[in-house]
Number of protein chains: 6
Amino acid sequence: MENEFLNELYKINQSCPSCPSPSAVADFYEDLLGVLFPDFEKKEFSSFEAFELHVGHLRLSLREILARNPERGNSDTHSQTDRFFEELPIIRDLIASDAQAMFDGDPAARSVTEVVRSYPGFYAIAAYRVAHALRQMGVQLIPRIIAERAHSKTGIDIHPGATIDRSFCIDHGTGVVIGETSHIGAHVKIYQGVTLGGLSVDKADAEVKRHPTIEDHVVIYAGATILGGQTVIGAHSVIGGNVWLTRSVPPHTKVYYKAALTDSNGNTDTIEFK
Amino acid sequence: MENEFLNELYKINQSCPSCPSPSAVADFYEDLLGVLFPDFEKKEFSSFEAFELHVGHLRLSLREILARNPERGNSDTHSQTDRFFEELPIIRDLIASDAQAMFDGDPAARSVTEVVRSYPGFYAIAAYRVAHALRQMGVQLIPRIIAERAHSKTGIDIHPGATIDRSFCIDHGTGVVIGETSHIGAHVKIYQGVTLGGLSVDKADAEVKRHPTIEDHVVIYAGATILGGQTVIGAHSVIGGNVWLTRSVPPHTKVYYKAALTDSNGNTDTIEFK
Amino acid sequence: MENEFLNELYKINQSCPSCPSPSAVADFYEDLLGVLFPDFEKKEFSSFEAFELHVGHLRLSLREILARNPERGNSDTHSQTDRFFEELPIIRDLIASDAQAMFDGDPAARSVTEVVRSYPGFYAIAAYRVAHALRQMGVQLIPRIIAERAHSKTGIDIHPGATIDRSFCIDHGTGVVIGETSHIGAHVKIYQGVTLGGLSVDKADAEVKRHPTIEDHVVIYAGATILGGQTVIGAHSVIGGNVWLTRSVPPHTKVYYKAALTDSNGNTDTIEFK
Amino acid sequence: MENEFLNELYKINQSCPSCPSPSAVADFYEDLLGVLFPDFEKKEFSSFEAFELHVGHLRLSLREILARNPERGNSDTHSQTDRFFEELPIIRDLIASDAQAMFDGDPAARSVTEVVRSYPGFYAIAAYRVAHALRQMGVQLIPRIIAERAHSKTGIDIHPGATIDRSFCIDHGTGVVIGETSHIGAHVKIYQGVTLGGLSVDKADAEVKRHPTIEDHVVIYAGATILGGQTVIGAHSVIGGNVWLTRSVPPHTKVYYKAALTDSNGNTDTIEFK
Amino acid sequence: MENEFLNELYKINQSCPSCPSPSAVADFYEDLLGVLFPDFEKKEFSSFEAFELHVGHLRLSLREILARNPERGNSDTHSQTDRFFEELPIIRDLIASDAQAMFDGDPAARSVTEVVRSYPGFYAIAAYRVAHALRQMGVQLIPRIIAERAHSKTGIDIHPGATIDRSFCIDHGTGVVIGETSHIGAHVKIYQGVTLGGLSVDKADAEVKRHPTIEDHVVIYAGATILGGQTVIGAHSVIGGNVWLTRSVPPHTKVYYKAALTDSNGNTDTIEFK
Amino acid sequence: MENEFLNELYKINQSCPSCPSPSAVADFYEDLLGVLFPDFEKKEFSSFEAFELHVGHLRLSLREILARNPERGNSDTHSQTDRFFEELPIIRDLIASDAQAMFDGDPAARSVTEVVRSYPGFYAIAAYRVAHALRQMGVQLIPRIIAERAHSKTGIDIHPGATIDRSFCIDHGTGVVIGETSHIGAHVKIYQGVTLGGLSVDKADAEVKRHPTIEDHVVIYAGATILGGQTVIGAHSVIGGNVWLTRSVPPHTKVYYKAALTDSNGNTDTIEFK
């Protein structure tokens, strides 16, 4: 490596603001999840005081992460941390409703404990709930890091900016994409490979609602793609597998598409993608 | 955080049974894989005794994991561990047949060593083989943790309850889902995005066969979805890409679907999803 | 475990050549990325000398990895390492062009910094750039390990043998597969679930071009599959979502397919998969 | 090992109260010393907030240690921790006076920085200051662990119960023993191998003053032994090397002893042990 | 560094037999001590099975250490390990008698727990008991490593070859040296700086008894030196501080020496070194 | 802790120059010793290249340590490192002569290997050799840190400034002190508790020779103290135990002192401190 290039890299390094390491952020999230849901990763505490100290460390971790955040401007990390911890009961309640929804929706699940311990959908939705709460406080980068950690671990990509109501269920999940300005109602269930995306990739639209609205009690089967900020899926609708939707449907609609299936015996069939 | 909420979290923590940490379980699996297939992650042993000691540690790790399993009831972790280690030659033989099938099926693979070292399909199928053997011994949660580790690392989601015969090949694999009551014969090959799923999400059906049967020598191309516990794909059949099947097909059937493809030059084509 | 089996495993272990551990390879890649793009994971250096020493450690790491490579034959790891580090300015320039393309193509991206820090597409393409440069020097296994690390972390599977020009953009990315003999021009953009694959799985074709050619300024939407070594997508073409292509299209072509969409109100629609 | 013995050991283990691990206690002490005297082991803090967070962790560490202390009874670890941290300015001032005294007393010392960084006497006296402050708050075991850590590292054994005024200097130090009820004035200097011990080893005397009193500005040379709770070394006295004292001496006394030294040339000399 | 020297070092390295690392040996000793005396460093075990597994790891550690021992010849590490663990009840009983003796002999000690947790004499004597038991089985180097660990940590240097009966007490201890062929009876108490040494340094005397015999109930005060393989200190004798003995004394003897002590006021005193 | 005090500590921290951490310095020393004498702590190298890389890391470690040295001024750490590594053959040769002398002088030693592996004298003298070589290059603080590491581990305190010729032997060693301006010839042997010290503690004497000169083939027994920069112990002299010397003796002198020893049977003896 030429010395000149080494110098250039050094200059780039020096001008780069310090920032919280992704692994510190991920550790904070996983430790927090273990406090809210001990089933996730059980820690042994010999006394209430030991537990209280553990939560104290968690607070310090969040403050450290916030303090290293280059975009934080003049925000007071003390009060940001306080505010986040005050919202924890609400966050916990939402995640608990999601876990229950995932248990109810999967015959293979033996208990809510199993959902908390091993379901990628649980991990990803809980990460979204935490990331979203931080973003509501004006923090940008840290929620993204939490979301990408969950994306990396589960293949489920939920933007922290999305708005999602309680009792949200994702089954399997690999390949799910939920865009920044999506709105999802309560009791919605989606399967692997579902995309709630945008039609435009114009940077000028960054502030516009670019992703769909999904009303309460909608089910969206695997591989379906729903695009556009004006697209509204009415409550209690069912969107079939592999359906591609760029327009709204009223409540209680079932959408599926039929395709011609042919086999080597010469039989042709029309299939509905459920 | 209010003191009341802290107290509530503490109570939840205290009432939660201890369980083996996911990372301890994953380490056991990866260490075991390295013993069975040194190509996976080569360790240096200066003598047979050193190797024997390493295997001794592996046995202790499994016993520790089994002993921390909250669901184990009265099972004797000594004899469970013995039984698992007695089955290792069979497990190894099955995984070796899978590795060979993956090498045979991918022109880009230079050697079986390369498959063992770097193919996600190898990692996920070997995890299934280990998880399935534990589940056969009546262990539930630990196999799920192994399976979710593989899911997280590879995007391939094979339920430990599935029944899969030898020489199974998964190519690329991201997005593959194989449900709990699937039956897969020998010499089957599947591509990324294939789902072997259920039609019902009724909890009452938990004990029923809800996922399909795939007979020997079947090939299923990328993105195909096969659903339902009564669906049987006959031996030597080929299921084309993106096909959506909810009924059985006899042996030696080729199933594909045709779709109209249009380009901006006004040409329309019928395509077969291979 | 029978003693006989233990002996057999020991023999397999002893006959297995040592090789660089996957985690050492992944650490090298991530440390290198942090040097080239401090935004990725900022390290603090109190002086130029401290930075220079860090780069010195990085060189030693690469030499160690190359020295443990069982396939290296007689290659001189000193000069291989030198050669790789001399190419770093070019590698960095290419990755910078990719980061810019990803920023330009995503309205949700607030800055190139955010892309570097948290976009899986950035991680996977940068891994490809590094892996490809090593493969150009005749190294085979190590590039595969880097690629599988990125695959595991991002769900994006780019073979190090592929040829990809500058300003390459992958959005979301889960499920992307780019085969060994693909050629991709400059300013190409692809979405999640896109496959550039082969038609043949005959081992005899290992040396043949089996994957498609994508010319400059092509956009390929989510879930599209393009197969075959003779397939050429002409410059400035747009391939719609879920399109399945096994033949070439001329420049400036838009390819999409229409499907019949039916809802429960009895309405049928023809949809274009964009 | 017989099962019976294993059972016995288990019972002993279960009946043993948990206690802070010696390494956690030692880490607390060393981290605290680094905060009070950055020369000891310099840490990099990018901002005041980062430093404040580090001190916050230090507080939590002390609370954790106090909370695990089996002897603590009903003491409130919050207020104990507060009280200790409020005393830190005084503790720091005392240790600074000791460091200055050690620099002034050793021609080989180039700077106070060198004393802080590498003098065992500094390490041991600072450990005493911290341990003594904790003992003043009624904590018993933790000060002993700090003292034994310093003893192990430096060979200097100062009981946390001793009373030592400012500007205390220990040179080299290996073998120094300072008993629990010793009183040492200001500006005292002692060399390696000095013992301030007791005459009685009767457990009934545990609450009695069993160790000597050393008044201000006394110097005690290497290997001297001073014993007994009623023994007072008057201010400005000098106790020569290897002197053995069990009675008091008035201020400004020089005590040495003469011994006959004979060499192989037949010369005999009377030597004074300075 | 010249290449020639590098080559020479490499050759030396390759011809050096592998051996257990000192830290692995020290960890084994400290873990064992924690099992025998949980007060030393309390570990939490949630069940008897967890404890049993911990002891299982300890056995494996010893076997690993023994297997790496270059001098072991053909010894069977299985049976060596078994034999050592069978002797543990006796070893524990001896160490418990030592702890009790140290508590009885020090007014400053509040409990046997405090002795176990923080007394260097306890650590060093326990290390001797373990090292001696291994040496009795014909192991040479590993006991030396345990002994040097204790020497480094406590300043107490007891050769594993020494023979020491029960209820042995060392107070403070820095500088104590106990030679390879010493014999020490029951209920002996020694203070810091005591040497039980040899008169000859002739390698030809390696197999001869070169160090003294100390009979039951002897007390030896600080700094006393007793030399020679024929020197026997009769039972119930008291050896005063700094006494230098190279001949035997009968039982119930008190040995001390008187020295002239002079102070600056012109007073001369005869002192007895107790 | 008051905010004001926290601010003060922060200011002290910020004004403190960064410096190499003591543990990094100690690790460098121990790794180097393992390279020079694999018996010390054997590492496994599968090839010459692996060994060469290890030495490469060692060079980088030294450069890192030198680069962090606050006192280094404008020195070029590249050339300092080169110079030190060029001197390694000489350093190794000196340490090998010391190891041989320690083996020859101790009947309990079974092999030079045992000396290297477990003798504190070997550790401390080797540390001195390395520290002295660095000090010869003008480095001050780092040699002190190496020396204090050895002091802490062995109780042997050799100032890096001392001048010591080959084949130096220290037996047991706890409590040995060798001052900054001592000169020690070849084939000298000293026992535990020996001090080579200064008479003056006047800071004005810092640049003066303050410590004694010991000529070739001198033996100094345990506890002897030799003081003063003008004191010369002539070649082949023997200094008895506990002797206190502040004047020179000619070559071939034996110095010992006699003391009156009295026992409880009324016998008085004159003893010679050998």
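Residues numbered from 1 in each chain as written. Chains lettered and ligands numbered in written order. Predicted model: local features only at pLDDT ≥ 70, side-chain atom pairs only at ≥ 80, totals over all residues. Heavy atoms only, no water.

Trainee: Any chance you could explain the interface of chain A and chain C here in plain terms?
Mentor: Interface extent is often summarised as the accessible area lost during association of the parts. If you look at the interface, chain A gives 52 residues, while chain C gives 58 residues. Here chain A is connected to chain C by two salt bridges. Put simply, Arg 110 of chain C and Glu 180 of chain A hold a salt bridge, and the shortest N to O gap is 2.9 Å. Going through the elements one at a time, α1 (3-15), α2 (22-36), α8 (141-154), β13 (244-245) and β14 (254-263) of chain A are the ones with two or more residues in the side of chain A that touches chain C. (Contact = heavy atoms within 4.5 Å. Salt bridge = Lys/Arg side-chain N within 4 Å of Asp/Glu carboxyl O. Helix = DSSP H or I, 4+ residues; strand = E, 2+ residues; numbered from the N terminus.)

Trainee: Sorry if this is basic, but what is going on with the relation of the copies chain F and chain D here?
Mentor: Here the second copy of the chain follows from the first by a rotation about an axis and a shift along it. Superposing chain F onto chain D takes a rotation of 120° plus a shift of 0.0 Å along the axis, which leaves an RMSD of 0.0 Å. Here the transformation between the copies is reduced to the relation of a three-fold axis. Little of the interface of chain F is mirrored in chain D: 8% of its interface residues are interface residues there too. (Least-squares fit on C-alpha atoms with pLDDT ≥ 70 in both.)

Trainee: Please clarify how the sheet that holds strand β5 (residues 183-184) of chain C should be interpreted in this entry.
Mentor: Paired through backbone hydrogen bonds, the strands of a sheet run either parallel or antiparallel to each other. Read from one edge to the other, the open sheet built from four strands follows the order β2-β5-β8-β11 (chain C), with strand pairing classed as parallel. Looking at strand neighbours, the two that pair on one side only are β2 (163-164) and β11 (232-233) of chain C, the edges of this open sheet. (Pairing = 2+ DSSP bridges.)

Trainee: What exactly am I supposed to notice about the packing of helix α3 (residues 48-67) of chain B against helix α1 (residues 3-15) of chain C here?
Mentor: A packed helix pair is summarised by two numbers, namely the angle formed by the two axes and the spacing between the axes. Two elements in contact, α3 of chain B and α1 of chain C, have axes whose closest approach is 10 Å; the angle formed by their N-to-C orientations is 115°. Viewed along their axes, α3 of chain B and α1 of chain C adopt a mutual orientation that is roughly perpendicular. When you trace α3 of chain B past α1 of chain C, the crossing you get is right-handed. Here α3 of chain B contributes Phe 48, Phe 51, Glu 52 and Val 55 of chain B to the contact with α1 of chain C, which in turn contributes Leu 6, Asn 7, Leu 9, Tyr 10 and Asn 13 of chain C. (Axes fitted to C-alpha atoms, helices over the stretch in contact; angles between N-to-C directions. Parallel < 35°, antiparallel > 145°, perpendicular 65-115°, else oblique. Left-handed = near helix turned anticlockwise from the far one by under 90°.)

Trainee: Please explain the relation of the copies chain A and chain C as it appears in this structure.
Mentor: Its rotation angle being 120°, the transformation that places chain A on chain C also includes 0.0 Å of axial translation and leaves an RMSD of 0.0 Å. Looking at the interface residues of chain A, only 8% of them are also at the interface in chain C, so each copy uses its own face.

Trainee: Help me out: how do you make sense of the interface of chain F and chain D in this one?
Mentor: Each partner contributes residues to the interface: chain F has 52 residues there, and chain D has 58 residues. Carbon and sulfur atoms supply 58% of the area that chain F and chain D bury against each other, a total of about 4,600 Å² over both sides. Here chain F and chain D share two salt bridges between them. Two residues, Arg 144 of chain F and Glu 114 of chain D, come together in a salt bridge whose shortest N-O distance is 2.8 Å. Taken together, the links from chain F to chain D amount to nine residue pairs in polar contact (both at pLDDT 80 or more). Those elements that place two or more of their residues in the side of chain F that touches chain D are α1 (3-15), α2 (22-36), α8 (141-154), β13 (244-245) and β14 (254-263) of chain F. The greatest single-element share of the side of chain F that touches chain D, amounting to eight residues, is contributed by α1 of chain F. Per-class residue counts for the side of chain F that touches chain D are 23 nonpolar, 18 polar and 11 charged. (Buried area = accessible area lost by both parts, 1.4 Å probe. Polar contact = N/O pair within 3.5 Å; in protein donor to acceptor, adjacent residues only side chain to side chain. Nonpolar A, V, L, I, M, F, W, Y, C, P; charged D, E, K, R; others polar.)

Trainee: Mind showing me how you'd approach the environment of Ala 127 of chain E here?
Mentor: Residue and element names in this part refer to chain E. By secondary structure assignment, the location of Ala 127 is in helix α7 (residues 120-136). Spatially, the C-alpha atom of Ala 127 lies 8.9 Å from that of Ile 158, the residues being 31 residues apart in sequence. Every residue in contact with Ala 127, bar those within four places of it in the chain, is listed here: Tyr 29, Ile 146 and Ala 150.

Trainee: Would you mind going over the sheet that holds strand β5 (residues 183-184) of chain D with me for this structure?
Mentor: All names here are of chain D. The strand order across the open sheet built from four strands is β2-β5-β8-β11, with neighbouring strands paired in parallel fashion. The open sheet has two edge strands, β2 (163-164) and β11 (232-233), and neither has a second partner. Note: β5 against strand β8 (residues 213-214), two bridges, orientation parallel. Considered in β8, the bridge of Ile 184 is made with Ile 214.

Trainee: How should I be thinking about a negative patch on the surface in this particular structure?
Mentor: Together, Glu 2, Glu 4 and Glu 8 of chain A together with Glu 86 of chain C give the surface a local cluster of negative charge. Structurally, Glu 86 of chain C can be placed in helix α4 (residues 77-86). On the basis of relative accessible area, Glu 86 of chain C is assigned to the exposed category, the value being 52%. (Patch = residues over 30% accessible without salt bridge, like charges linked within 9 Å, V, L, I, M, F, W, Y side chains within 5 Å. Areas by Shrake-Rupley, 256 points an atom, 1.4 Å probe, with all protein chains shown as cover. Lys, Arg positive; Asp, Glu negative; His and termini not counted. Charge placed at Lys NZ, Arg CZ, Asp CG, Glu CD. Buried < 20%, exposed > 50% of the residue type's maximum accessible area, 1.4 Å probe, protein only.)

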